[in-house]
Amino acid sequence: MGREFGEDDTSWQAPAGLDKEEDIQHSLFGEILDWMLAPLLLLWPMSIAITYLVAKSIANQPFDHALEDSVTVLAQQVHEVNGKLAPRLPGSARDILRADDVDSVYFQIAGPGGAYVDGDRDLPPPAEEDRIKPGTIHFRNGTMHGTPIRIAYSWVAMEDRGGEEERLALVQVAETLEKRAKLANEIIKGVILPQFIVLPIVLALVWFALARGLSPLAQLQERIRARSSDDLSPIDSRQVPEEITPLVRSLNDMLGRLSLSIEMQKRFIADAAHQMKTPLAGMRMQSELALRQTDQGEIHRSLEQLAKSSEAATRLVNQLLALARAENQPQAGAAHLPVDLADLARSAVRDWVPASFNYRIDLGFEAPDDGDGAGAGVPIDGNPTMLREMLSNLIDNALRYTPAGGAVTVRVRRTGDSAVVEVEDTGPGIPPAERSNVFQRFYRILGSSAEGSGLGLAIVREIAQQHGADVDIFSNPRSASAKLPGSLFRLTFPLRAPDPAPAPDESYHG
């Protein structure tokens, strides 16, 4: 990524696992043009082949009619003389029949049984199965001296001699295919040559139509590029074609989310800067006061206040970093791992035991019960680091607001298909009207004497939302004091789906 290389450097190669096709930028114009022209270019040779077949069929028709006429005239000249078949065909008629400047013309007259009577001996006779009704003319293709020919033939019935089998004479006229091929080629040229003129015009029109049709994309690009960097207002979807409207709407949705995110960041930075002023101002005042003091006792008290202010500033900065880290975690479950909520909560409570001694508060943990008195795991999918941060903020919040001598209990249990973690304290509690506000950043309940930044519960809500958990606040049902009703924070997570059972091993073991 960061490597620099000059224009003449050809030693760089893509990593083995990189799919080079993913780096190729495809053109929408080119894609549409390909899909339009590819069928056209494929169909064009097919149209030429079809045109050739049609041209041959058209070219055959007039020449077949001429052959048919020749066979008809020749059949009329066949008669018997003294019991023998003899054609009444003068020499001039033979010359006329064979007169052709392009093709060679052949004819043949054969008597019953295939006996040669007149014409070209080498003209192939029709197959026995091709015998047809006398007086009808049929066509077939054949070869003469290795040259393709077109043959028209007919059977002529002879005089009936009584009791004998029907006697048939065969009349055939054939010609080579030069004229037919020339006519077919002329037809093809008449059809194909105009296509060479029309096709470039079609390509130009397609190109122009695509460029004209895609011009709204270029106009949309220019409008977006002309915007200032801080203009996140929605794009007017009425000025774009209907096909681009879903894209514009998606872009507007993204701009709305981006605008909201930037607004939240601005508000967060402003609130953080405002909250940082108090501890920094206190530290500066205490340091200046300590510098002016000469009494060691006063200097010591100023330094103690300076230490408290620096501790508050440190806590505020840590919580700001934790909140920023929580807000920038991936929303999807790709970063989530299998986590045992009971083990995680037990570990978090263990970390806060020394602090509970300083607060003089009884910190306890109640593990889930599997029904036999033994602890049971509570599996969920989540980010262990963020979940631990969430539990730490809940425990810290409970310890800070619970008076000395009170108790804080962390409890994990299963309820149906849900995993529940509860943090219970014996502090002053949270009024129902304030419970929806305590999750806001830097919010502090009026009259509260506990030190804090007002970010802990905001972090809890952010992490819970990323894990699909619900956060509810109740009064402590186990509190016996009206002045100290206590609080119960309950987080409900979806249980992790059990792993599919492995397929049974069906292999035979002897």
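In short, a report on the structure.

Turning our eyes to something else, we now look at the pairing of strand β7 (residues 168-176). Burial analysis of β7 places nine of its nine residues in the buried class, the great majority of the element. Along β7, one buried face is formed by L168, L170, Q172, A174 and T176 and the opposite face, lined by A169, V171, V173 and E175, is buried too. Examined bridge by bridge, strand β6 (residues 147-157) and β7 share nine bridges and lie antiparallel to one another. Paired with I149 across the bridge in β7 is T176.

To continue, consider helix α7 (residues 341-359). Here α7 is 19 residues long and its end C-alpha atoms lie 26 Å apart, about the 27 Å a rise of 1.5 Å per residue gives. The largest bend in α7 comes to about 45 degrees, at V353, with the proline P354 one to four residues further on. Here α7 has its buried residues at L341, A342, L344, A345, S347, A348, V349, A355 and S356. The residue sitting at the N-terminus of α7 and contributing the capping side-chain oxygen is D340; that oxygen lies 3.1 Å from the backbone nitrogen of A342. Once α7 ends, the next one or two residues include R360, with phi positive near 55 degrees.

We now examine unusual backbone geometry. If you check the backbone angles, H145 has positive phi at about 55 degrees while not being a glycine. Inspection of the secondary structure puts H145 in the loop between β5 (137-144) and β6. Its identity is not glycine, yet R360 carries a phi of approximately 55 degrees, on the positive side. Of note, R360 is situated in the loop between α7 and β9 (362-366). By relative accessible area, R360 is classed as exposed at 61%.

Attention shifts here to the side chain of S487. Examined against the element boundaries, S487 turns out to sit in strand β14 (residues 487-494). Those residues in contact with S487 that sit more than four places away from it in its chain are V423, E424, D425, G429, I430, F474 and N476.

Spatially, β4-β3-β7-β6-β5 is the arrangement adopted by the five strands of the open sheet, whose pairing is antiparallel. A strand with exactly one partner marks an edge of an open sheet, and here the two such strands are β4 (116-119) and β5. Ignoring strand direction, the axes of neighbouring strands in this sheet form an average angle of 25 degrees. In this sheet, β7 lies alongside strand β3 (residues 105-110) in antiparallel orientation, the contact comprising six bridges. If you follow F107 over to β7, its bridge partner there is V173. Running at roughly 145 degrees to β7, helix α1 (residues 28-76) makes contact with β3, β5, β6 and β7 of the sheet.

Before going further, it helps to spend a moment on the packing of α1 against helix α3 (residues 178-213). Between α1 and α3, whose axes approach to 9 Å, the crossing angle comes to 160 degrees. When the axis of α1 is compared with that of α3, the two are roughly antiparallel. Judged by the sense of rotation from one axis to the other, the crossing of α1 with α3 is right-handed. Among the residues making up the contact of α1 with α3, the classes are represented as 29 nonpolar, four polar and four charged.

The next thing to look at is the packing of aromatic side chains. Given two aromatic rings, their pairing is described by the distance between the two centres and the angle made by the two planes. Per the stated rule, a full pass over the model turns up zero aromatic pairs. The ring of Y153 is capped by R140, whose NZ or CZ atom sits 4.9 Å from the centre of that ring.

Before going further, it helps to examine the sheet that holds β14. Read from one edge of the open sheet, five strands run β9-β11-β12-β14-β13, paired in mixed fashion. The outermost strands of the open sheet, each flanked by one partner alone, are β9 and β13 (470-475). The average angle at which neighbouring strand axes cross in this sheet is 15 degrees, direction not considered. Where β9 and strand β11 (residues 407-415) come together, five bridges link them in parallel fashion. By the bridge assignment, L363 is partnered in β11 with V408.

Right, let's talk about the side chain of D103 for a bit. Take D103: it is sitting in the loop between α2 (91-98) and β3. At 2.7 Å, the side chain of D103 forms a polar contact with the backbone nitrogen of E178. A polar atom in the side chain of D103 sits 2.8 Å from the side chain of K179.

The rules behind the values
- Residues numbered from 1 in each chain as written.
- Predicted model: local features only at pLDDT ≥ 70, side-chain atom pairs only at ≥ 80, totals over all residues.
- Heavy atoms only, no water.
- Buried < 20%, exposed > 50% of the residue type's maximum accessible area, 1.4 Å probe, protein only.
- Helix = DSSP H or I, 4+ residues; strand = E, 2+ residues; numbered from the N terminus.
- Pairing = 2+ DSSP bridges.
- Expected span 1.5 Å × (residues − 1).
- Bend = angle between axes of the 7 residues up to and from the residue.
- Polar contact = N/O pair within 3.5 Å; in protein donor to acceptor, adjacent residues only side chain to side chain.
- Contact = heavy atoms within 4.5 Å.
- Axes fitted to C-alpha atoms, helices over the stretch in contact; angles between N-to-C directions.
- Parallel < 35°, antiparallel > 145°, perpendicular 65-115°, else oblique.
- Left-handed = near helix turned anticlockwise from the far one by under 90°.
- Nonpolar A, V, L, I, M, F, W, Y, C, P; charged D, E, K, R; others polar.
- Phe/Tyr/Trp six-rings, centres within 6.5 Å; stacked < 30°, edge-to-face > 60°.
- Lys NZ or Arg CZ within 6 Å of the ring centre and 35° of its normal.

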